[in-house]
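Given next are the chains, with one letter for each unit.
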2 protein chains.
Amino acid sequence: MRASDAAYTALQDEILEGRLAPGTVLGEVGQSERLGVSRTPIREAFSRLVAAGLAIQQPGRGTVVSDISLEDVDRLFEVRIPLETQAAGLAAQRGTPEVFAGLAEEFRHAQEAPEAESHYKLAARMDEAIDTSVGNRYLSTMLANLRVHLIRVRRLAKDQPQRLAESAAEHRDICLGIASGDPQMAEAATSLHLRRSLAYISELRRTEPVPSP
Amino acid sequence: MRASDAAYTALQDEILEGRLAPGTVLGEVGQSERLGVSRTPIREAFSRLVAAGLAIQQPGRGTVVSDISLEDVDRLFEVRIPLETQAAGLAAQRGTPEVFAGLAEEFRHAQEAPEAESHYKLAARMDEAIDTSVGNRYLSTMLANLRVHLIRVRRLAKDQPQRLAESAAEHRDICLGIASGDPQMAEAATSLHLRRSLAYISELRRTEPVPSP
DNA sequence: CTGAGGTTTTCTGTATACACCGTGAAGTGT
DNA sequence: ACACTTCACGGTGTATACAGAAAACCTCAG
């Protein structure tokens, strides 16, 4: 493992988990001392953080953790909905039906016993299956970039068990649509799922406008 | 101007212009001597090239200029069509109609005297107007990443004057759709333009499968 | 002539030293 | 008392030196 990779992974995890709050100023020397590596790998890690959108470089002040709020959810979904819809449609055309039929079955089980950790694990496997089925590196890269930010959003909108069960059912519909080989069905199921997710988060935002002062 | 920025700009230009052919191995020491800077800025430039998808890091061999072919056009458009369609629709909802009405007028003039340089300049201005109208940094970032690759594709598919005139007319339709404030009209015009562009490039590929041995 | 093993060379990854810029604070002059 | 200037400190940007590893080449044996 390269030191720069380790530094990037550590910093990314801390930002995604909220341990490094938005607005925190990251100094090269400070982080190099804290993580026990030289400034060179830290610089590379900072560059990658900026490229991923997790931090921004302010001239003269240094690198600061980028801000994320529930307001960004709308803008994230404006990109996510068309991209994931397209991905699902292409997966329906090119994927192996048995793979997604199996995933649908797993989501059926997950629907009965909603649990956040395993749910997101399973959803990640579905995303991976779609990625490999589509076989488009440009699409995969963009979706990967998006998912990093979605992890931060997920922290802001803590899911309730009821929503998790609904989400599992919607994921199952997506898998069934892909397995059936019908692009429009897969696209419709994906669009429905994402719009319901967005509606759920928007409802949360309306209920409690400020989750953390 | 930082040395790392200069190095990145120089390398990006050379890759986009084809002076650095795909498959070329870029050594840190070689490029540092050629560009007259140290290895440190070169390393940062390489990282940005890899992040942009213009180069890939092969373990042990170094950084090589990524391959681009007419086969990639299909995959690029699989991402471009949904993203640009979404952007046009959002611009129709949020943009200033007068701006796009003015752009439509400019495209009408460009349609009468097709010229590649000014055409792409004008198209870039339209993209910029859409970006600012939408006001979504995630969408803007992804479109910017895409456009880098589209420049390389443009080199492979040299436009004929007839196609340029058609393209100007299609751009004009997009601007008129956005100016009218009708998202669906803007989306339809965008989808039509992109699909016709793709069809034109696909026709080129069918005609001359190997543009450069 | 071919293959395997060793050596050499060149590469990247990391650490560190130095220079420059920007900012902030303190002191002085008005 | 306020404002302006200057000095100092911390920061990033860049250069370079060193270590480890991998690949290519050369040599020797079969």
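Residues numbered from 1 in each chain as written. Chains lettered and ligands numbered in written order. Predicted model: local features only at pLDDT ≥ 70, side-chain atom pairs only at ≥ 80, totals over all residues. Heavy atoms only, no water.

(A) Highlighting the overall build of chain A. A tally of helices and strands in chain A yields 9 helices and 3 strands. Reading chain A from its N end, one meets helices and strands in the order α-β-α-α-β-β-α-α-α-α-α-α. Relative to its length of 213 residues, chain A is compact, with a C-alpha radius of gyration of 19 Å against a globular reference of 17 Å. Across its three principal directions, the C-alpha atoms of chain A cover 55 × 40 × 30 Å. (Helix = DSSP H or I, 4+ residues; strand = E, 2+ residues; numbered from the N terminus. Rg over C-alpha atoms; globule rule 2.2 N^0.38 Å.)

(B) Main features of the environment of B:I151. Residues and elements named next belong to chain B. As for its position among the elements, I151 is in helix α7 (residues 137-156). Taking the relative accessible area as the measure of exposure, I151 reaches 34% and is therefore partly exposed. Between the alpha carbons of I151 and S38 there is a distance of 29 Å; along the sequence they are 113 residues apart. (Buried < 20%, exposed > 50% of the residue type's maximum accessible area, 1.4 Å probe, protein only.)

(C) Fine view of the pairing of strand β2 (residues 55-58) of chain B. Residue and element names in this part refer to chain B. Strand direction decides the pairing type here: β2 and strand β3 (residues 62-65), joined by 4 bridges, are antiparallel. From the neighbouring strand, I56 faces β3, where its bridge partner is V64. In sequence, β2 turns back onto β3 through a hairpin of 3 residues, with G60 there showing a positive phi of about 95°. (Pairing = 2+ DSSP bridges.)

(D) Representation of the interface of chain B and chain A in the model. Each side of the interface is counted separately: chain B has 25 residues, and chain A has 25 residues. Buried surface at the junction of chain B and chain A, summed over both partners, amounts to about 2,300 Å²; 54% is from carbon and sulfur atoms. Of all residues in chain B, B:E78, B:Y138 and B:M142 give up the largest surface area on contact with chain A, accounting jointly for 29% of the area buried on that side. In this structure, the salt-bridge partner of B:R137 is A:D72, at a minimum N-O distance of 2.7 Å. Scanning the region where chain B abuts chain A turns up 18 residue pairs in polar contact (both at pLDDT 80 or more). Secondary structure elements with two or more residues in the side of chain B that touches chain A: α3 (39-52), α4 (71-94) and α7 of chain B. Considering every element that reaches the side of chain B that touches chain A, the biggest residue donor is α4(B), with 10 residues. When grouped by side-chain class, the residues that make up the side of chain B that touches chain A number 10 nonpolar, 7 polar and 8 charged. (Contact = heavy atoms within 4.5 Å. Buried area = accessible area lost by both parts, 1.4 Å probe. Salt bridge = Lys/Arg side-chain N within 4 Å of Asp/Glu carboxyl O. Polar contact = N/O pair within 3.5 Å; in protein donor to acceptor, adjacent residues only side chain to side chain. Nonpolar A, V, L, I, M, F, W, Y, C, P; charged D, E, K, R; others polar.)

(E) View of the domain arrangement of chain A. Residue and element names in this part refer to chain A. When cut into domains, chain A gives domain 1 (3-65) and domain 2 (71-207). Between domain 1 and domain 2, the C-alpha centre-to-centre distance is 29 Å. Facing the 10 residues of domain 1 at the interface are 5 residues of domain 2. The three residues of domain 1 that bury the most area against domain 2 are L16, A52 and L54, which together make up 61% of that side's buried surface. Linking domain 1 with domain 2 are 0 salt bridges. A per-element tally of the side of domain 1 that touches domain 2 places helix α1 (residues 3-16) first, with 3 residues. Across the side of domain 1 that touches domain 2, the residue classes break down as 6 nonpolar, 3 polar and 1 charged. (Domains from an automatic or database assignment.)

(F) Structural context of the sheet that holds strand β3 (residues 62-65) of chain A. Residue and element names in this part refer to chain A. Read from one edge of the open sheet, 3 strands run β1-β3-β2, paired in antiparallel fashion. Since the sheet does not close on itself, it has two edges, and those belong to β1 (25-26) and β2 (55-58), each with one partner. Across 2 bridges, the pairing between β1 and β3 is antiparallel. Of the residues in β3, the one forming a bridge with L26 is T63.

(G) Representation of the protein's contact with DNA strand D in the model. Taken together, 14 residues lie around DNA strand D, and A:R43, B:R2, B:A3, B:S38 and B:T40 are the ones closest in. Each atom of DNA strand D within 4 Å of the protein was assigned to sugar, phosphate or base; sugar and phosphate come to 52%. Taking A:R43, its side chain carries an N or O atom lying 2.9 Å from a phosphate oxygen of DNA strand D. At a separation of 2.6 Å, a phosphate oxygen of DNA strand D approaches a polar side-chain atom of B:R2. Looking at the surface near DNA strand D, the elements that each hand over two or more residues are α2 (28-35) and α3 (39-52) of chain A together with α1 (3-16) and α3 of chain B. Per element, the largest residue contribution to the surface near DNA strand D is 3 residues, and it comes from α3(B). Per-class residue counts for the surface near DNA strand D are 5 nonpolar, 4 polar and 5 charged. (Near = heavy atom within 4 Å.)

(H) Up close: the relation of the copies chain B and chain A. Laying chain B over chain A is done by rotating through 180° and shifting 0.1 Å along the axis; what remains is an RMSD of 0.1 Å. Overall, the copies show the geometry of a two-fold rotation axis. Closest approach to the rotation axis within chain B is made by the C-alpha atom of B:P82, at a distance of 2.8 Å. Taken together, the interface assignments show that 96% of the residues at the interface of chain B recur at the interface of chain A, consistent with an identical surface on both copies. (Least-squares fit on C-alpha atoms with pLDDT ≥ 70 in both.)

(I) Molecular detail of the protein's contact with DNA strand C. What surrounds DNA strand C is a group of 14 residues, the closest being A:R2, A:A3, A:S38, A:T40 and B:R39. Those atoms of DNA strand C that come within 4 Å of the protein belong to sugar or phosphate at a rate of 54%. A distance of 2.2 Å separates a phosphate oxygen of DNA strand C from a polar backbone atom of A:A3. Interatomic distance of 2.9 Å between a side-chain N/O atom of A:T40 and a base nitrogen of DNA strand C. Per-element accounting of the surface near DNA strand C gives the leading share, 3 residues, to α3(A). Among the residues making up the surface near DNA strand C, the classes are represented as 5 nonpolar, 4 polar and 5 charged.

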